Amino acid sequence: FHLRFTLHALALVLKHHAFKEEREWRIISPVLMDKAPAFPIIEETKLAFRSGKSVLTPYRRIPLKDDKGNFPLNEVVVGPNPNPKQAYRSVQSLLNSEKGLDSVKVRNSDIPYRNW
């Protein structure tokens, strides 16, 4: 059990070097409890849920705005996708529809899409 727990914790922070260009942020929270939470529920960190393929998926909404209410975003790299042109255009359209994000650079990842 201890080994499994340790390997699971490491899997959350390890990433294959091919994905280095993504410069992804990973925010890891305490294990979700089936019953009462082990930490106080604060509205800003309250769990939200979205439907997955077969179960509800818990997640946390995390504000990314700075002290002035700006969202400091310079570039979006669209991940490997079976429809890269459509994915690129969708992201570009989203950014163009938001105030102050129309100058953000968008590019497709160089990592090939694999459907394993």
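Residues numbered from 1 in each chain as written. Predicted model: local features only at pLDDT ≥ 70, side-chain atom pairs only at ≥ 80, totals over all residues. Heavy atoms only, no water.

Visitor: Whenever I open this one, the overall build of the chain confuses me. Can you help?
Guide: Tallying secondary structure elements over the chain gives 2 helices and 4 strands in all. Mapped in sequence order, the helices and strands of the chain form the string α-β-β-β-α-β. For the chain, buried positions account for 10% of its 116 residues. Across the chain, the fraction of contacts at a sequence separation of at least 24, relative to all contacts at a separation of at least 6, is 42%. Of the roughly 10700 Å² of accessible surface on the chain, a fraction of 57% belongs to carbon and sulfur atoms. (Helix = DSSP H or I, 4+ residues; strand = E, 2+ residues; numbered from the N terminus. Buried < 20%, exposed > 50% of the residue type's maximum accessible area, 1.4 Å probe, protein only. Contact = heavy atoms within 4.5 Å. Areas by Shrake-Rupley, 256 points an atom, 1.4 Å probe, with all protein chains shown as cover.)

Visitor: What is the right way to read the packing of aromatic side chains from this model?
Guide: The geometry of an aromatic ring pair comes down to the distance between the two centres and the angle between the two planes. Applying the stated rule across the entire model yields 0 aromatic pairs. One residue, R50, lies across the ring of Y59, its end atom 4.7 Å from the ring centre. (Phe/Tyr/Trp six-rings, centres within 6.5 Å; stacked < 30°, edge-to-face > 60°. Lys NZ or Arg CZ within 6 Å of the ring centre and 35° of its normal.)

Visitor: How should a nonpolar patch on the surface be read in this particular structure?
Guide: On the surface, L3, L7, L10, L12, V13 and L14 cluster together to form a nonpolar patch covering roughly 580 Å² of accessible area. Judged by relative accessible area, L7 falls into the partly exposed class, the value being 48%. (Patch = residues over 30% accessible without salt bridge, like charges linked within 9 Å, V, L, I, M, F, W, Y side chains within 5 Å. Salt bridge = Lys/Arg side-chain N within 4 Å of Asp/Glu carboxyl O.)

Visitor: I would appreciate a short explanation of the nonpolar core in the present structure.
Guide: General note: in soluble globular proteins, nonpolar side chains tend to be found buried as a group. Core analysis: the largest hydrophobic core is formed by 8 residues, namely V76, V78, A87, V91, L95, L101, V104 and V106. Of all the elements in the fold, those that place two or more residues in this core are β3 (75–78) and α2 (84–97). A per-element tally of this core places α2 first, with 3 residues. Every residue in contact with V106, bar those within four places of it in the chain, is listed here: V76, V78, Y88, V91, Q92 and L95. (Core = buried A, V, L, I, M, F, W, Y, C linked by side-chain atoms within 4.5 Å.)

Visitor: How should the layout of surface pockets be read in this particular structure?
Guide: To locate leftover empty space, one rolls a probe as large as a water molecule over the atoms. Here the largest pocket is characterised by a volume of approximately 700 Å³. Together, 16 residues line the largest pocket, and E22, R23, W25, L73 and E75 are the ones closest to its centre. Among the elements that take part in the lining of the largest pocket, β3 stands out by supplying 3 residues, more than any other. (1 Å grid on protein atoms, 1.4 Å probe; cavity = no way out; pocket = protein on both sides within 12 Å on 5 of 7 lines; lining within 4 Å. Points joined across faces, edges and corners; volume = space filled by probe spheres on them.)

Visitor: What am I meant to see in the side chain of Q92 here?
Guide: Relative to the assigned elements, Q92 resides in helix α2. Excluding anything up to four places from it in sequence, Q92 contacts D102, V104 and V106.

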